[in-house]
Amino acid sequence: MRDFYGVDLQTPMMLGTARYPSPAVMENAFRDSGASVATVSLRRERGAGQAFWDMVRGLGVNLLPNTAGCHSAREAITTAQMAREYFQTDWIKLEVIGNSDTLQPDPFGLVKAAEVLCADGFRVFPYTTEDQVLAARLVDAGCRVLMPWGAPIGSGMGLNNIHGLRTLRAAFPDVAMVIDAGLGLPSHAAQAMEMGFDAILLNTAVAEADDPATMARAFALATEAGALAATSGPMGMRDMAVPSTPLIGKAWL
Amino acid sequence: MVDVTIIGAGVGGLWAARSCLARGLRPRLVDRSGPPGPHTCSWWAGGMLAPECEGATAEPSVITHGRKAAALWGDVTTVSSRGTLVLAPERDRAELNRFAARATAHVACDDDAIAVLEPDLGARHKRGLFFAKEAHLDPRQALNDLVRSLAALGVVIEQAEITPDNVQGPVIDCRGLAAQGDLQGLRGVRGEMIVLHSDEIMLTRPIRLLHPRHPLYVVPRADGVFMLGATQIESAARGPMTARSALELLSAAYALDPRFAEAAIVEMGADLRPAFADNVPRVVQRGHVLHLNGLFRHGFLMAPALAEQAAAFLSTSKTGDLFLEN
């Protein structure tokens, strides 16, 4: 399994910490899924007396602060620096949003911010599209993990561009990749893992389910199933039916 | 002769005093800042008595006890029992379907039905949900009415800073976040509100506008005043409303009715709601102290039930279902 800046994750599932009905429900979702990484947003949850952040720290998983809601490289860089200081980690999920309606990444701002942050010693997890050229620029900048989207954030549509994601996966065999954003169902997660991605990151699909803890567990099981499938050599597709028992010699009735 | 000391004169403490009196217990009511005002978390509340709408995300105890709140408040202050109207922009229909599936006691409305309920909104909004049994009140009016009704029964709010430790006899601690040191896991959840004035807009009941990013509620008050709210931020930062929150709330109000663009901004405010990890309001028993706390966004909905269970315990030693550990 590919590592994440030298860290081997216990499970290939990363979970966000926003939009749950309560922190207690969030804790249950983490417990029942065994998620190994929690993403936290510094922008909206800023402030003194951080009882909520203490709860997130208390989850006992790797923390991945993000720059959610940043619309420029400069904003993202400042947020990353604040996050490093506050959470005492050099991991940063880099989001530079290019369009406030679709929340798609701004590829130009993303590369710029990644260059600055990598040079500054950050371990950058860039939220990107499936674009291979952009991915190459991010790897050149020093990113050793990529987080291509499945679909727009919070849309629950699953993997929108299977071909593009497959091409991206094949193009960078040594780079750890996380499908980030847009997953709505456990089957989407299984599909991503079957395609050879190393982990999935989700938030809304769990937090807004009627029963978030059970949905989180469903995603964990699907992720595990997909990962097992990826390592056990899936059969290829064929045009012709192939019977599993030979027809010759069977009674002709 | 004092039977119980109540610390904190927000919505919880005032109701605790009222419930104790109803059970023949003489309360002493103390608050470090005196009668309710801008220092009180409940001063900034929306005043919606909306257990069904809250039930889309809240725990069952909030729904069952909340359903009785409007009748109890009716003995104290003016309660408008006109229901709640829930709307969503056309492109966010999915939000409305989801909300309908998660809540009960509502009927679906088309534009004609919306126009009958709120003539100003029917032309702009095509689909909604009407929660007929819900109600609302003016929180500041309600707090003042509670203070007056207590004064009539001889209970005045004493301004002093005391903690449960230096009090003899039973204590009901209603200090909210000030009791954080005694209640592990109690946290502040920031909320922000804007008060607008418009002579043009006529709304007679709370309106909730669903939106995947910027949900909004508008609660009408007397004389063309409207309260906008809904932000819920996991932050214990006090301090003024941020420009981002103001933009979000105001643009959502504009989407609800563009005439809000011409409304006057009367007030903006922010405060912290005390909440436990599961966001369920409760009574926590610690020796001679009953902590009535963690009211979260349900202060006006849950204070009557919490107060009654605290008072019942003091007179009968029986604990109710809202007695929980934190």
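Residues numbered from 1 in each chain as written. Chains lettered and ligands numbered in written order. Predicted model: local features only at pLDDT ≥ 70, side-chain atom pairs only at ≥ 80, totals over all residues. Heavy atoms only, no water.

### Thoughts on the overall build of chain A
Scanning chain A from terminus to terminus reveals nine helices and eight strands. Against the globule reference of 18 Å for 253 residues, chain A gives a C-alpha radius of gyration of 20 Å, in line with a compact fold. Here the C-alpha coordinates of chain A stretch approximately 80 × 40 × 35 Å along the principal axes. The buried share among the 253 residues of chain A stands at 52%. Taking the intrachain contacts of chain A between residues at least 6 apart in sequence as the baseline, contacts between residues at least 24 apart amount to 67%. Counting every atom, chain A has about 11,800 Å² of accessible surface; 54% of that belongs to carbon and sulfur. In chain A, which carries 19 positive and 26 negative side-chain charges, the distance between the mean positions of the two groups comes to 1 Å. (Helix = DSSP H or I, 4+ residues; strand = E, 2+ residues; numbered from the N terminus. Rg over C-alpha atoms; globule rule 2.2 N^0.38 Å. Buried < 20%, exposed > 50% of the residue type's maximum accessible area, 1.4 Å probe, protein only. Contact = heavy atoms within 4.5 Å. Areas by Shrake-Rupley, 256 points an atom, 1.4 Å probe, with all protein chains shown as cover. Lys, Arg positive; Asp, Glu negative; His and termini not counted. Charge placed at Lys NZ, Arg CZ, Asp CG, Glu CD.)

### As for the UniProt feature "domain: FAD dependent oxidoreductase" (unreviewed entry) in chain B
Within the UniProt annotation, "domain: FAD dependent oxidoreductase" (unreviewed entry) is assigned to residues 3-311 of chain B. For the annotated span residues 3-311 of chain B, helix accounts for 28% and strand for 26% of the residues, and the straight-line distance between the end C-alpha atoms is 11 Å. (UniProt positions renumbered as here; feature names shortened; annotations may be inferred.)

### So, the packing of aromatic side chains
All names here are of chain A. In total, this model carries eleven aromatic pairs over all chains according to the counting rule given. Arranged with centres 6.5 Å apart and planes meeting at 5°, the rings of Phe-4 and Phe-125 form a pair that is stacked. Separated by 121 residues along the polypeptide, Phe-4 in the segment before β1 (13-16) and Phe-125 in strand β5 (residues 123-128) bring together distant segments of the chain. Each ring, one from Tyr-86 and one from Phe-87, has its centre 5.0 Å from the other, and the planes form 80°; the classification is edge-to-face. A residue is classified by how much of its surface remains accessible, and Tyr-86, at 30% relative accessible area, is partly exposed. Given a relative accessible area of 6%, Phe-87 falls into the buried group. One aromatic cluster is present, formed by Phe-4, Tyr-5, Trp-91 and Phe-125 through successive ring pairs. Its end group placed over the ring of Tyr-127, Lys-93 keeps NZ or CZ at 5.6 Å from the ring centre. The ring of Phe-197 is capped by Arg-169, whose NZ or CZ atom sits 5.9 Å from the centre of that ring. (Phe/Tyr/Trp six-rings, centres within 6.5 Å; stacked < 30°, edge-to-face > 60°. Lys NZ or Arg CZ within 6 Å of the ring centre and 35° of its normal.)

### Comments concerning the interface of chain A and chain B
Counting residues at the interface gives 23 residues for chain A and 21 residues for chain B. Both sides of the chain A and chain B interface together cover about 1,700 Å² of buried area, and 41% of this is carbon and sulfur. Connecting chain A to chain B are three salt bridges. For the salt bridge of Arg98(B) with Asp210(A), the shortest nitrogen-to-oxygen distance reads 3.1 Å. For the pair chain A and chain B, the interface holds eleven residue pairs in polar contact (both at pLDDT 80 or more). Elements that contribute at least two residues to the side of chain A that touches chain B include exactly α1 (23-33) and α2 (51-58) of chain A. The element best represented in the side of chain A that touches chain B is α2(A), accounting for three residues. (Buried area = accessible area lost by both parts, 1.4 Å probe. Salt bridge = Lys/Arg side-chain N within 4 Å of Asp/Glu carboxyl O. Polar contact = N/O pair within 3.5 Å; in protein donor to acceptor, adjacent residues only side chain to side chain.)

### Re the side chain of Asp92(B)
Residues and elements named next belong to chain B. Counting through the fold element by element, Asp-92 comes out in the loop between β4 (84-87) and α5 (93-102). Buried within the structure, Asp-92 lacks any salt-bridge partner; Arg-91 is the closest side chain of opposite charge, at an N-O distance of 4.3 Å. If we ignore the near neighbours within four places in the chain, the residues touching Asp-92 are His-211 and Pro-212.

### Quick notes on the pattern of salt bridges
For the structure on display, the rule yields 31 salt bridges over all chains. The closest approach of N and O atoms between Arg28(B) and Glu158(B), which form a salt bridge, is 2.8 Å. On the criterion of sequence distance, the pair formed by Arg28(B) in strand β2 (residues 27-31) and Glu158(B) in strand β8 (residues 157-159) is long-range, its members being 130 residues apart. Residue Glu158(B) is classed as partly exposed on the basis of its relative accessible area, which comes to 32%. The residue Arg93(B) makes a salt bridge to Glu90(B) at a minimum N-O spacing of 3.2 Å. Arg93(B) gets classed as partly exposed once you look at its relative accessible area, which sits at 38%. One network of salt bridges, with partners in common, ties together Arg2(A), Arg169(A) and Asp198(A).

### Things to note about the pairing of strand β6 (residues 127-131) of chain B
All names here are of chain B. Burial of β6 is extensive: four of the five residues sit out of reach of the surface. Examined bridge by bridge, β4 and β6 share four bridges and lie antiparallel to one another. When the bridges of β6 are listed, Leu-87 appears paired with Gly-128. Pairing geometry for strand β5 (residues 107-110) and β6, over four bridges, is antiparallel. Looking at the pairing, Asp-110 lines up with Arg-127 of β6. (Pairing = 2+ DSSP bridges.)

### Describing helix α4 (residues 107-119) of chain A
All names here are of chain A. End to end, α4 covers 18 Å across 13 residues, agreeing with the expected 18 Å (1.5 Å per residue, within 8%). All buried positions along α4 are accounted for by Gly-109, Leu-110, Val-111, Ala-113, Ala-114, Leu-117 and Cys-118. Elements that come into contact with the buried residues of α4 comprise α3 (73-87), β4 (91-94), β5 and α5 (132-141). N-capping of α4 is provided by Asp-106, with a side-chain oxygen placed 3.0 Å from the backbone N of Phe-108. With its phi angle positive at about 95°, Gly-121 sits one or two positions after the end of α4. (Expected span 1.5 Å × (residues − 1).)

### Focus on the domain arrangement of chain B
Residue and element names in this part refer to chain B. Domain parsing of chain B yields domain 1 (4-47 + 138-184 + 278-325) and domain 2 (84-132 + 187-275). Taking only C-alpha atoms, the centre of domain 1 and the centre of domain 2 are 29 Å apart. The partner domain 2 presents 18 residues to the 17 residues of domain 1 that form the contact. Between domain 1 and domain 2, roughly 1,500 Å² of surface is buried when both sides are summed, and carbon and sulfur atoms account for 55% of that area. In this assembly, domain 1 and domain 2 are joined by one salt bridge. The partner of Arg-140 in a salt bridge is Glu-267, with the nearest N and O atoms 3.0 Å apart. On inspection of domain 1 and its partner domain 2, the count reaches five residue pairs in polar contact (both at pLDDT 80 or more). (Domains from an automatic or database assignment.)

### So, the UniProt feature "binding site: 1-deoxy-D-xylulose 5-phosphate" (unreviewed entry) in chain A
All names here are of chain A. On the UniProt side, "binding site: 1-deoxy-D-xylulose 5-phosphate" (unreviewed entry) is annotated at positions that read Gly-154, Ala-181, Gly-182, Asn-203 and Thr-204 here. Separation in sequence by 51 residues is not matched in space for these annotated residues, since their most distant C-alpha atoms are only 9.3 Å apart. Along the polypeptide, Gly-182 turns up in the loop between β7 (176-180) and α7 (186-194). In this structure, Gly-182 is in contact with Ala-151, Pro-152, Ile-153, Gly-154, Ser-155, Gly-156, Met-157 and Gly-158, ignoring residues within four places of it in sequence. With respect to the helices and strands, Thr-204 occurs in helix α8 (residues 204-207). By relative accessible area, which is 21% here, Thr-204 ends up partly exposed. Residues in contact with Thr-204, not counting those within four places in the same chain, are Arg-19, Gly-154 and Ala-209.

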